[in-house]
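Observations on the three-dimensional arrangement
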Amino acid sequence: MLSFGQLGSHMNRVVEFIGKDQVVSTREEMGYVAMDIKTGPKELAMFYFKDSFAVMAGVMTTDSVTYDAAEVQEFVTYNAPTYTPHRKCSKGNTTYHQDTVHQIELLIQYNKKSPPGIRGYALSNDAFMIGNWNRGLTAWVKE
(Lines give C-alpha, C1' and ligand atoms only; values in the text may rest on other atoms or scores of the structure.)
Protein backbone atom coordinates (compact mmCIF):
# COMPACT_ATOMS: atom_id res chain seq x y z
CA MET A 1 0.00 0.00 0.00
CA LEU A 2 1.32 3.40 -1.00
CA SER A 3 1.82 5.45 2.14
CA PHE A 4 3.98 8.41 1.22
CA GLY A 5 4.06 11.51 -0.92
CA GLN A 6 1.39 13.97 0.06
CA LEU A 7 0.07 16.14 -2.71
CA GLY A 8 2.42 19.09 -2.84
CA SER A 9 5.55 17.10 -1.97
CA HIS A 10 8.69 17.85 -3.93
CA MET A 11 9.75 15.19 -6.44
CA ASN A 12 13.08 14.69 -4.65
CA ARG A 13 11.27 13.87 -1.38
CA VAL A 14 9.14 11.21 -3.08
CA VAL A 15 12.13 9.62 -4.84
CA GLU A 16 14.30 9.72 -1.70
CA PHE A 17 11.57 8.08 0.38
CA ILE A 18 10.84 5.21 -1.98
CA GLY A 19 14.34 4.81 -3.41
CA LYS A 20 15.58 5.69 -6.88
CA ASP A 21 15.85 1.99 -7.77
CA GLN A 22 12.05 1.64 -7.50
CA VAL A 23 11.37 4.24 -10.21
CA VAL A 24 10.17 2.32 -13.27
CA SER A 25 9.80 5.24 -15.66
CA THR A 26 9.88 9.03 -15.84
CA ARG A 27 8.45 10.91 -18.79
CA GLU A 28 6.89 14.22 -19.78
CA GLU A 29 3.14 14.26 -20.46
CA MET A 30 1.15 17.41 -21.26
CA GLY A 31 3.49 19.68 -19.29
CA TYR A 32 3.80 17.35 -16.30
CA VAL A 33 6.60 15.04 -15.26
CA ALA A 34 4.96 11.62 -14.88
CA MET A 35 6.67 8.99 -12.75
CA ASP A 36 5.77 5.33 -12.25
CA ILE A 37 7.15 3.73 -9.10
CA LYS A 38 7.06 0.04 -8.18
CA THR A 39 5.71 -0.05 -4.63
CA GLY A 40 5.10 -3.77 -4.35
CA PRO A 41 5.42 -7.00 -6.32
CA LYS A 42 2.06 -6.35 -8.00
CA GLU A 43 1.53 -2.64 -7.32
CA LEU A 44 2.45 0.52 -9.16
CA ALA A 45 2.26 4.09 -7.90
CA MET A 46 1.88 6.98 -10.30
CA PHE A 47 2.84 10.57 -9.61
CA TYR A 48 2.44 13.65 -11.75
CA PHE A 49 4.58 16.64 -10.89
CA LYS A 50 4.16 20.24 -11.99
CA ASP A 51 7.13 22.51 -11.33
CA SER A 52 8.63 19.56 -9.36
CA PHE A 53 5.70 19.31 -6.90
CA ALA A 54 3.20 16.44 -6.78
CA VAL A 55 -0.21 17.39 -8.18
CA MET A 56 -1.45 13.81 -8.60
CA ALA A 57 -0.74 10.65 -6.65
CA GLY A 58 -2.27 7.29 -7.45
CA VAL A 59 -1.84 3.57 -7.00
CA MET A 60 -3.02 0.55 -8.94
CA THR A 61 -2.72 -3.20 -8.75
CA THR A 62 -1.13 -5.01 -11.66
CA ASP A 63 -3.00 -8.29 -11.12
CA SER A 64 -6.39 -9.48 -9.88
CA VAL A 65 -5.85 -8.46 -6.24
CA THR A 66 -8.07 -5.54 -5.29
CA TYR A 67 -8.07 -2.85 -2.60
CA ASP A 68 -10.78 -2.21 -0.04
CA ALA A 69 -12.41 1.03 1.09
CA ALA A 70 -10.22 1.23 4.23
CA GLU A 71 -7.06 1.29 2.08
CA VAL A 72 -8.49 4.05 -0.08
CA GLN A 73 -9.42 6.06 3.02
CA GLU A 74 -5.92 5.64 4.47
CA PHE A 75 -4.42 6.85 1.18
CA VAL A 76 -6.72 9.89 1.12
CA THR A 77 -6.08 10.75 4.77
CA TYR A 78 -2.33 10.66 4.28
CA ASN A 79 -2.11 12.31 0.87
CA ALA A 80 -4.84 14.96 1.20
CA PRO A 81 -5.77 15.41 4.88
CA THR A 82 -8.12 18.34 4.16
CA TYR A 83 -10.16 16.36 1.58
CA THR A 84 -13.92 16.15 2.23
CA PRO A 85 -16.12 14.88 -0.62
CA HIS A 86 -19.07 17.06 -1.62
CA ARG A 87 -20.27 15.49 -4.85
CA LYS A 88 -19.69 12.40 -6.99
CA CYS A 89 -20.28 11.09 -10.47
CA SER A 90 -19.95 7.57 -11.86
CA LYS A 91 -19.15 6.59 -15.41
CA GLY A 92 -18.39 3.02 -16.45
CA ASN A 93 -16.21 1.41 -13.81
CA THR A 94 -14.93 4.72 -12.39
CA THR A 95 -16.33 6.99 -9.68
CA TYR A 96 -15.19 10.58 -9.27
CA HIS A 97 -15.48 12.25 -5.84
CA GLN A 98 -14.93 16.01 -5.60
CA ASP A 99 -14.03 18.24 -2.70
CA THR A 100 -15.37 21.45 -4.18
CA VAL A 101 -13.99 23.60 -1.35
CA HIS A 102 -10.35 22.46 -1.52
CA GLN A 103 -10.45 21.61 -5.25
CA ILE A 104 -9.30 18.02 -4.75
CA GLU A 105 -10.67 15.07 -6.66
CA LEU A 106 -10.52 11.37 -5.84
CA LEU A 107 -10.90 8.95 -8.73
CA ILE A 108 -11.66 5.30 -7.91
CA GLN A 109 -11.51 2.62 -10.59
CA TYR A 110 -13.36 -0.60 -9.90
CA ASN A 111 -12.55 -4.05 -11.22
CA LYS A 112 -15.02 -5.08 -13.95
CA LYS A 113 -14.40 -8.76 -13.30
CA SER A 114 -15.56 -10.97 -10.46
CA PRO A 115 -14.90 -10.70 -7.60
CA PRO A 116 -15.66 -6.98 -7.53
CA GLY A 117 -13.21 -4.65 -5.88
CA ILE A 118 -11.12 -1.53 -6.31
CA ARG A 119 -8.38 -1.81 -8.92
CA GLY A 120 -6.82 1.61 -8.40
CA TYR A 121 -7.34 5.15 -7.17
CA ALA A 122 -5.80 8.59 -7.52
CA LEU A 123 -5.99 12.06 -6.03
CA SER A 124 -5.31 15.36 -7.74
CA ASN A 125 -5.43 19.01 -6.76
CA ASP A 126 -4.50 20.28 -10.22
CA ALA A 127 -7.34 22.14 -11.98
CA PHE A 128 -6.23 21.13 -15.50
CA MET A 129 -5.93 17.45 -14.59
CA ILE A 130 -9.28 17.45 -12.77
CA GLY A 131 -10.86 19.13 -15.80
CA ASN A 132 -9.54 16.34 -18.03
CA TRP A 133 -10.85 13.67 -15.66
CA ASN A 134 -14.29 15.30 -15.62
CA ARG A 135 -14.65 15.96 -19.34
CA GLY A 136 -18.13 14.87 -20.37
CA LEU A 137 -19.37 14.08 -16.86
CA THR A 138 -22.81 15.51 -16.15
CA ALA A 139 -24.56 13.25 -13.62
CA TRP A 140 -23.07 14.73 -10.43
CA VAL A 141 -24.90 14.04 -7.17
CA LYS A 142 -24.37 15.35 -3.66
CA GLU A 143 -22.45 13.03 -1.30
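Structure shown above.
The paragraphs below set out a description of the structure included in this document. Keep in mind that what you see is a predicted model, and the values were worked out from it rather than measured.

1. Re the pattern of salt bridges
Going through the model one piece at a time under the given rule, you end up with four salt bridges. With its nearest N and O atoms 3.2 Å apart, the salt bridge here joins Asp36 to Arg27. Accessibility expressed as a relative area gives 31% for Arg27, which makes it partly exposed. When salt bridges that share partners are traced, they join Arg27, Glu29 and Asp36 into one network.

2. Concerning the pairing of strand β6 (residues 94-99)
Among the six residues that make up β6, six are buried, leaving the element largely enclosed by the rest of the structure. Burial of the side chains of β6 extends over both faces: Thr94, Tyr96 and Gln98 are buried on one face and Thr95, His97 and Asp99 on the other. Where strand β5 (residues 87-91) meets β6, five bridges bridge the pair, whose relative direction is antiparallel. In the sheet register, Arg87 faces β6, and the bridge partner there is Gln98. Between β5 and β6, which pair antiparallel and follow one another directly, the connecting turn spans two residues, one of which, Gly92, has a positive phi of 60°. Sheet analysis places β6 next to strand β7 (residues 104-110), joined by six bridges and oriented antiparallel. Across the sheet, Tyr96 pairs through a bridge with Leu107, a residue of β7.

3. Side note on the pairing of β5
Where β5 lies against strand β9 (residues 141-142), two bridges are found, and the strand directions are antiparallel. Looking across to β9, one finds that Arg87 is bridged to Lys142.

4. Let's talk about helix α2 (residues 69-79)
Because an α-helix packs 3.6 residues into every turn, residues spaced three or four apart end up facing the same way. All of the buried residues in α2 are Val72, Phe75, Val76 and Asn79. Around the axis of α2, the buried residues are gathered within 95° of arc, so they sit on the same side. Of the surrounding secondary structure, the elements contacted by the buried residues of α2 are β4 (53-61), β7 and β8 (118-124). Structurally, the start of α2 carries an N-cap: the backbone nitrogen of Ala70 is 3.1 Å from a side-chain oxygen of Asp68.

5. A few points about the side chain of Ser124
Residue placement: Ser124 occurs in strand β8. Polar contacts involving the side chain of Ser124 include one to the main-chain amide nitrogen of Asp126, which spans 3.1 Å.

6. What to know about the packing of aromatic side chains
According to the stated counting rule, one finds five aromatic pairs in the structure shown. Aromatic side chains Phe47 and Phe49 sit 5.8 Å apart centroid to centroid with 15° between the ring planes, which places their arrangement in the stacked category. Phe49 carries the same exposure label as Phe47, and that label is buried. Between Phe75 and Tyr121, the ring centres sit 4.9 Å apart and the planes meet at 70°, which makes this aromatic pair edge-to-face. Highlighted residues: Phe75 in helix α2 and Tyr121 in strand β8, separated in sequence by 46 residues. Assessed through its relative accessible area of 0%, Phe75 is described here as buried. Residue classification places Tyr121 among the buried positions, given a relative accessible area of 2%. Site record: aromatic cluster; members linked through ring pairs are Tyr32, Tyr48 and Phe128. For the cation-ring pair, Arg87 lies above Trp140, with the distance from its terminal atom to the ring centre recorded as 4.1 Å.

Rules of the game
- Residues numbered from 1 in each chain as written.
- Predicted model: local features only at pLDDT ≥ 70, side-chain atom pairs only at ≥ 80, totals over all residues.
- Heavy atoms only, no water.
- Salt bridge = Lys/Arg side-chain N within 4 Å of Asp/Glu carboxyl O.
- Buried < 20%, exposed > 50% of the residue type's maximum accessible area, 1.4 Å probe, protein only.
- Helix = DSSP H or I, 4+ residues; strand = E, 2+ residues; numbered from the N terminus.
- Pairing = 2+ DSSP bridges.
- Arc of directions from axis to C-beta.
- Contact = heavy atoms within 4.5 Å.
- Polar contact = N/O pair within 3.5 Å; in protein donor to acceptor, adjacent residues only side chain to side chain.
- Phe/Tyr/Trp six-rings, centres within 6.5 Å; stacked < 30°, edge-to-face > 60°.
- Lys NZ or Arg CZ within 6 Å of the ring centre and 35° of its normal.

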